[in-house]
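In case you want the letters, here they are:
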Amino acid sequence: MEFPFPANGLTDPQERLLRGIPAFAALPSSARQELASHLTEQSYPIHAQVLDEGEPADRLFLIEEGEVEVSIRTPEGRVPVSRLSEGEMFGEIGLLLPSRRRTARVTATQALLTSTLRGRHLTEVLDQYPEARDIMVEAADQALVRSFIKCTRPFERLTPERLHDFGGRLKTLEFEPGALVFHQGDPGDVCYLVRSGLLEVVREEGAGPRVV
């Protein structure tokens with residue numbers, strides 16, 4: 001069930017909830033209050049599916065009470081990516097993607113109470129405060145990286161905690177067409193995960209180079 005907050009009924013818990021999200025903490029107090037006026041409470045019982053992959057993304061969720069599990073579909077089956085609890089946010093990634101589609105399933109692992117914010121209200125504020133958008137986009141990209149890692153062998157068995165730590169160690173590199181990533185004989189001290197694009201692997205042999 002949804003319960004809109006009164007226009008003048010912003011309470012300390014809701015204000016703390018918004019201040020605890022880095023992107024919202026970067027906003028002026030007046031902008032946070034504007035967002036808070038659009039918050040709507042929504043509750044879910046334990047084991048409820050809050051959202052699912054592929055669904056249209058129309059809002060984000062701030063957790064007031066309870067816990068959720070975020071999972072994705074992989075070639076090995078459905079696997080958990082993270083667990084989120086009080087003071088954390090989910091559902092924002094779909095709002096930031098051109099497809100406006102959900103990228104994961106979120107299930108309540110405890111009785112859940114959330115404050116939800118419609119996408120159009122979020123967009124109005126982010127358009128006005130680009131620095132907040134940059135913070136949110138960076139956090140969303142890190143979450144997408146973790147999902148990408150989880151779909152990549154041999155990392156699909158990482159626990160959510162180790163996945164979070166591993167994802168924080170990755171660096172994003174971009175290469176122009178024709179660029180050399182590394183050469184045969186270079187020290188093997190780096191592992192590359194290809195997020196997009198196409199690579200050619202060439203091995204130097206006695207008879208000359210061979211594409212492998």
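For every chain, the first residue of the written sequence is number 1, and numbering continues from 1 along that sequence. Owing to the predicted nature of the model, reporting of local features is limited to residues with pLDDT of at least 70; listing and counting of side-chain atom pairs is limited to 80 or more, with chain, interface and lining totals taken over all residues. Water and hydrogen atoms play no part in the side-chain values, which are based on all heavy atoms of the structure.

Visitor: Can you explain unusual backbone geometry? Please cite residues and give values.
Guide: For H47, which is not glycine, the phi torsion reads 75° and is therefore positive. Numbered from the N terminus, helices here are DSSP runs of H or I no shorter than four residues, and strands are runs of E no shorter than two. With respect to the helices, strands and loops of the structure, H47 is situated in the loop between strand 2 (40-44) and strand 3 (49-51). For R100, which is not glycine, the phi dihedral falls at a positive 50°.

Visitor: Explain the packing of helix 6 (residues 130-150) against helix 7 (residues 160-169) to me, using residue names and the numbers behind them.
Guide: Two numbers describe how helix 6 lies on helix 7: the axes approach to 9 Å, and their chain directions differ by 115°. By the angle class used here, helix 6 and helix 7 are roughly perpendicular. Note on packing geometry: the crossing formed by helix 6 with helix 7 is right-handed. In this structure, helix 6 uses R146, I149 and K150 to contact helix 7, whose residues at the interface are L163, H164, F166 and G167. Here the contact of helix 6 with helix 7 is built from residues that sort into three nonpolar, two polar and two charged. Whenever a helix is involved, its axis is fitted only over the stretch in contact; in every case the axis is a line through C-alpha atoms, and angles between N-to-C directions fall within 0 to 180 degrees. Note on angle classes: values under 35 degrees are labelled roughly parallel, values over 145 roughly antiparallel, values of 65 to 115 roughly perpendicular, and the remainder oblique. Crossing handedness is defined as follows: a turn of the near helix away from the far one that is anticlockwise and smaller than a right angle gives a left-handed crossing, while the clockwise case is right-handed. Pairs of residues are marked as contacts when any of their non-hydrogen atoms sit within 4.5 Å. Gly counts as polar in this scheme, as do all residues outside two lists: the nonpolar Ala, Val, Leu, Ile, Met, Phe, Trp, Tyr, Cys and Pro, and the charged Asp, Glu, Lys and Arg.

Visitor: Provide a residue-level description of the nonpolar core, including the pertinent values.
Guide: Side chains of a nonpolar character, in soluble globular proteins, are inclined to be buried together. Here, nonpolar core means buried Ala, Val, Leu, Ile, Met, Phe, Trp, Tyr and Cys residues that are tied together by side-chain atoms lying within 4.5 Å of each other. Each residue is placed in one exposure class: buried if its accessible area under a 1.4 Å probe, protein chains only, is under 20% of its type's maximum, exposed if it is over 50%, and partly exposed if it falls in between. With 22 residues, the main nonpolar core has F24, L27, L60, L62, M89, L122 and M136 as its most contacted residues. Secondary structure elements with two or more residues in this core: helix 1 (12-19), helix 2 (22-25), helix 3 (29-36), strand 4 (59-65), helix 5 (119-128) and helix 6. The contact partners of L62, leaving out residues within four places of it in the chain, are L17, L18, I21, F24, L39, E88, M89, L113, T114 and S115. Core analysis: the second largest hydrophobic core is formed by 21 residues, Y44, V50, L51 and V145 among them.

Visitor: So what about helix 3? Which residues, and what values?
Guide: Residues A31, R32, L35 and A36 constitute the buried set of helix 3. Angular distribution of buried residues about the axis of helix 3 spans 145°; they occupy a single face of the element. Starting at the helix axis, one direction is taken to each C-beta atom, and the arc is that of these directions.

Visitor: Could you give me a rundown of the pairing of strand 4, with the residues and numbers involved?
Guide: Here strand 4 lies mainly inside the structure; six of its seven residues are buried. Between any two strands, pairing holds if DSSP finds at least two bridges. Note that strand 4 and strand 9 (residues 112-118) share six bridges and pair antiparallel. Bridging from a neighbouring strand, E65 pairs with L113 of strand 9. Bridge analysis of strand 4 against strand 7 (residues 89-90) gives two bridges, and the strand direction is antiparallel. Within strand 7, the position partnered with F61 by the bridge is F90.

Visitor: Kindly report on the sheet that holds strand 8 (residues 105-108), identifying the contributing residues and their values.
Guide: The strand order 3-8-5-6 describes an open sheet built from four strands, whose pairing is antiparallel. The open sheet has two edge strands, strand 3 and strand 6 (77-85), and neither has a second partner. Sheet twist, expressed as the average angle between the axes of neighbouring strands with direction ignored, equals 30°. Helix 6 contacts strand 5 (67-74) and strand 6 of the sheet and is inclined by roughly 150° relative to strand 6.

Visitor: Hey, could you go over the confidence of the model for the chain for me, with residue numbers and the actual values?
Guide: Taken as a whole, the chain shows an average pLDDT of 86; of its residues, 94% reach a score of 70 or greater. Ranking the helices and strands of the chain by mean pLDDT puts strand 8 first, with 98, and strand 1 (residues 2-4) last, with 47. Counting contacts from residues 1-10, a segment whose pLDDT is below 50, to residues more than four positions away or on other chains yields 21 contacts. pLDDT expresses how confident the predictor is about each individual residue, on a scale running from 0 to 100.

Visitor: How would you summarise the packing of aromatic side chains if you had to cite specific residues and measurements?
Guide: Centre distance within 6.5 Å is the pairing criterion for rings of Phe, Tyr and Trp, where only the six-membered ring of Trp is used; planes under 30 degrees apart are then read as stacked, over 60 as edge-to-face, and the remainder as tilted. Inspection of every chain in the model, using the stated rule, returns two aromatic pairs. Taking 4.8 Å as the distance between ring centres and 5° as the angle between the ring planes, the aromatic pair formed by F61 and F90 counts as stacked. You can see F61 sitting in strand 4 and its partner F90 sitting in strand 7, a full 29 residues away along the chain. Aromatic pair F182 and Y192: ring centres 5.7 Å apart, planes at 25°, arrangement stacked. Here Y192 lies in the loop between helix 7 and strand 10 (202-205) and F182 lies in the loop between helix 7 and strand 10, a separation of 10 residues in the sequence.

Visitor: So, the pattern of salt bridges: which residues are in play, and what are the values?
Guide: One side-chain nitrogen of Lys or Arg within 4 Å of one carboxyl oxygen of Asp or Glu is enough to make a salt bridge. Using the criterion set out here, one finds 12 salt bridges in the structure. In this structure, the salt-bridge partner of R73 is E53, at a minimum N-O distance of 4.0 Å. Residue R73 is located in strand 5, and its partner E53 is located in the loop between strand 3 and strand 4; the two are separated by 20 residues in the primary sequence.

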